[in-house]
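Listed here are the chains, written in short residue letters.
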Amino acid sequence: MNTLFADHALLPDGWARDVLLAWDDAGALTSVTAGAAAPIDAPRASGPLLPGMPNLHSHAFQRAFAGLSEYRNSTPADSFWTWRDLMYRFARDISPDQLEVIATQLYVEMLRAGYTAVCEFHYLHHAPEGQRYADPAEMSMRLLAAAQHAGIGITLLPVLYQDAGFGGQPPRIDQRRYLNRTDALLDIAQRIRAQGARVGVAPHSLRAVGPQALRELVAGVHAIDAAAPVHLHIAEQQQEVDDCLAWSGQRPVEWLLAHAPVDARWCLVHATHLSDAEGAALAASGAVVGLCPTTEANLGDGVFDAANYLAARGAWGIGSDSHISVDAAEELRLLEYTQRLAQQRRNVLVSDDTGVNNKRQVADHLWLGAVTGGAQASGRAIRALAPGQQADFVVLDGNGTLAGLTPSQALASHVFANQGRSSVRDVFVAGTRRIRDGEHALQRVACEHFVAARGELLREV
Ligand code: NGQ
Ligand code: ZN
């Protein structure tokens with residue numbers, strides 16, 4: 001039996017004192033006991049202990065392109081769509097070896113930033129001219145290998161991509177690495193499942209997958225595994241809303257809720273542009289909204305109305321998407337800040353209960369909300385520090401500037417009072433310590449390989 005004692009741990013109902021965690025050799029928590037006496041021989045956490053954060057939306061290859069499109073490129077203005085053209089060009093030649101190296105670096109960074117699991121929304125399936133690799137799941141296997149090297153939990157979501165736009169527009173030449181027939185995509189999902197990995201599927205968007213393919217994909221994956229997560233991009237840009245209205249007379253989320261069996265297995269990524277009625281219906285559906293605040297800001301997507309959605313008790317989580325930032329704290333900070341800027345108020349995203357001493361803590365509420373929704377979107381047992389859940393957790397540095405603070409103050413400082421360095425000290429995944437004193441055993445080598453691979457790719461662009 002493995003144990004760790006924490007003076008303070010963030011349990012599903014809030015902070016608890018003197019918490020003894022115990023887990024089995026498979027990495028599942030067997031007991032979480034608050035108010036425990038510290039066993040003499042139990043290791044002690046060196047600061048407040050949090051449940052690990054799932055990252056519910058990642059395109060790993062984009063890590064090597066992050067920060068490289070921050071210049072004006074088009075007249076009269078750059079947009080999401082001009083960024084996408086540059087991103088496609090960068091994606092054009094990435095090899096399986098390069099993908100594995102980029103993803104390994106990324107997953108090491110995620111762990112150092114407090115993410116203990118990732119949902120990989122994976123569409124770079126084929127060789128540069130669209131030919132199948134000898135193993136059509138080659139690129140998927142490379143992502144699983146990267147997750148294993150780094151030691152992060154993964155839900156792999158092979159993406160179905162078929163059309164360039166609503167109404168079955170033929171795909172563009174620079175989308176050919178992404179294309180699959182529905183049955184071929186389900187074969188890739190089966191191959192991933194055969195590796196013992198958690199698998200779901202991702203119809204890329206309503207732009208890229210028509211109604212019939214969407215139906216067949218969802219029915220197909222749920223015939224394989226009734227609990228499989230289904231993720232898709234939706235309503236990220238006003239252009240998509242306009243095109244969907246022109247095609248169907250309905251807005252994207254309105255169309256989806258009317259035509260697909262959306263439930264708690266679904267994750268709608270972005271969902272930025274919602275009418276009030278769509279927001280209410282989405283919250284009631286049980287689906288998770290996948291918010292990616294730093295990417296959405298970087299791409300000029302718009303502001304999600306989190307205040308109303310959270311007030312309606314909608315499920316949500318966070319993703320780093322394009323990896324313009326890889327930092328769970330920063331996603332939560334920006335989520336709250338977008339609401340403050342829009343409403344000209346402070347402390348918007350708080351829980352309904354009164355909190356300790358009548359203080360309704362924003363960071364506590366956001367951390368717990370994002371863990372719960374992220375776990376749901378992952379389809380894995382990583383929901384909380386509770387028996388039966390995986391022993392995934394983050395220990396903040398209680399010895400530096402956070403010393404002497406209450407645990408709520410420490411987490412709020414971690415999320416809001418960023419001093420240019422992370423307070424994440426130790427990170428455990430399935431009971432194994434992957435980050436020790438802020439460092440990952442692979443980080444030097446992973447970085448070297450990453451820089452070399454990126455150099456090769458930049459020569460080719
Ligand atoms: C993606 N990323 O699949 O990588 C997309 C861009 C698209 C974001 N939406 C491509 N943030 O949506 O067509
Ligand atoms: Zn995305």
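Before reading on, note that the structure itself is shown above.
Residues numbered from 1 in each chain as written. Chains lettered and ligands numbered in written order. Predicted model: local features only at pLDDT ≥ 70, side-chain atom pairs only at ≥ 80, totals over all residues. Heavy atoms only, no water.

Caption draft 1: Expanded view of the sheet that holds strand β10 (residues 230–234). Spatially, the four strands line up as an open sheet ordered β10-β11-β12-β13, and their pairing is parallel. Two strands bound the open sheet, and with one partner strand each, they are β10 and β13 (315–318). If you compare each strand with its neighbour and ignore which way they point, the axes differ by 25 degrees on average. Across the face of the sheet, helix α11 (residues 328–343) comes into contact with β12 (288–291) and β13 while running at roughly 130 degrees to β13. (Pairing = 2+ DSSP bridges. Helix = DSSP H or I, 4+ residues; strand = E, 2+ residues; numbered from the N terminus. Axes fitted to C-alpha atoms, helices over the stretch in contact; angles between N-to-C directions. Contact = heavy atoms within 4.5 Å.)

Caption draft 2: Representation of the environment of R142 in the model. On the secondary structure map, R142 appears in helix α3 (residues 138–150). Among the residues examined, R142 registers a relative accessible area of 18% and is labelled buried. As a C-alpha pair, R142 and R92 span 50 residues in sequence and 17 Å in three-dimensional space. Within the structure, the side chain of R142 is placed 2.9 Å from the side chain of E100, a separation counted as a polar contact. (Buried < 20%, exposed > 50% of the residue type's maximum accessible area, 1.4 Å probe, protein only. Polar contact = N/O pair within 3.5 Å; in protein donor to acceptor, adjacent residues only side chain to side chain.)

Caption draft 3: Looking closely at unusual backbone geometry. At the junction of T75 and P76, the peptide bond is cis and its omega measures out at 0 degrees in the coordinates. Among the secondary structure elements, P76 is positioned in the loop between β5 (53–58) and α1 (80–91). For A271, which is not glycine, the phi dihedral falls at a positive 50 degrees. Within the secondary structure, A271 is located in the loop between β11 (266–270) and α8 (276–285). Here A271 falls in the buried class, since its relative accessible area comes to 0%. Residue Q344 is not a glycine yet carries a positive backbone phi of 55 degrees. Tracing the backbone shows Q344 in the loop between α11 and α12 (362–378).

Caption draft 4: Structural detail: α8. Taken residue by residue, α8 has E278, G279, L282, A283 and S285 as its buried positions. Taken end-on, α8 shows its buried residues confined to a sector of 155 degrees, consistent with a single buried face. Exposed side of α8, more than 90 degrees from the buried face: D276, A277 and A284 are the residues found there. For α8, the elements touching its buried residues are α7 (252–259), β11, β12 and α10 (306–311). Positive phi shows up at G286, right after α8, with a value of about 90 degrees. (Arc of directions from axis to C-beta.)

Caption draft 5: Just the site of ligand 1, in detail. Near ligand 1 lie 14 residues; those nearest to it are R84, Y123, H204, R207 and E236. In the environment of ligand 1, an oxygen atom lies 2.8 Å from a nitrogen or oxygen atom belonging to the side chain of Q62. In the environment of ligand 1, a nitrogen atom lies 3.2 Å from a nitrogen or oxygen atom belonging to the side chain of D321. Here ligand 1 loses 100% of its free accessible area of 340 Å² to cover by the protein chains. Among the elements that line the shell around ligand 1, the one with the most residues is α1, at four residues. Taken together, the residues of the shell around ligand 1 sort by class into five nonpolar, five polar and four charged. (Near = heavy atom within 4 Å. Areas by Shrake-Rupley, 256 points an atom, 1.4 Å probe, with all protein chains shown as cover. Nonpolar A, V, L, I, M, F, W, Y, C, P; charged D, E, K, R; others polar.)

Caption draft 6: The arrangement of the packing of helix α4 (residues 182–194) against helix α5 (residues 211–224) in detail. The interhelical angle for the contact between α4 and α5, taken along N-to-C directions, is 25 degrees, at an axis separation of 10 Å. Taken as axis vectors, α4 and α5 run roughly parallel relative to one another. Crossing of α4 against α5: the hand is right-handed. Contact residues: T182, L185, L186, Q190 and R193 in α4; A213, E216, L217, G220, V221 and I224 in α5. (Parallel < 35°, antiparallel > 145°, perpendicular 65-115°, else oblique. Left-handed = near helix turned anticlockwise from the far one by under 90°.)

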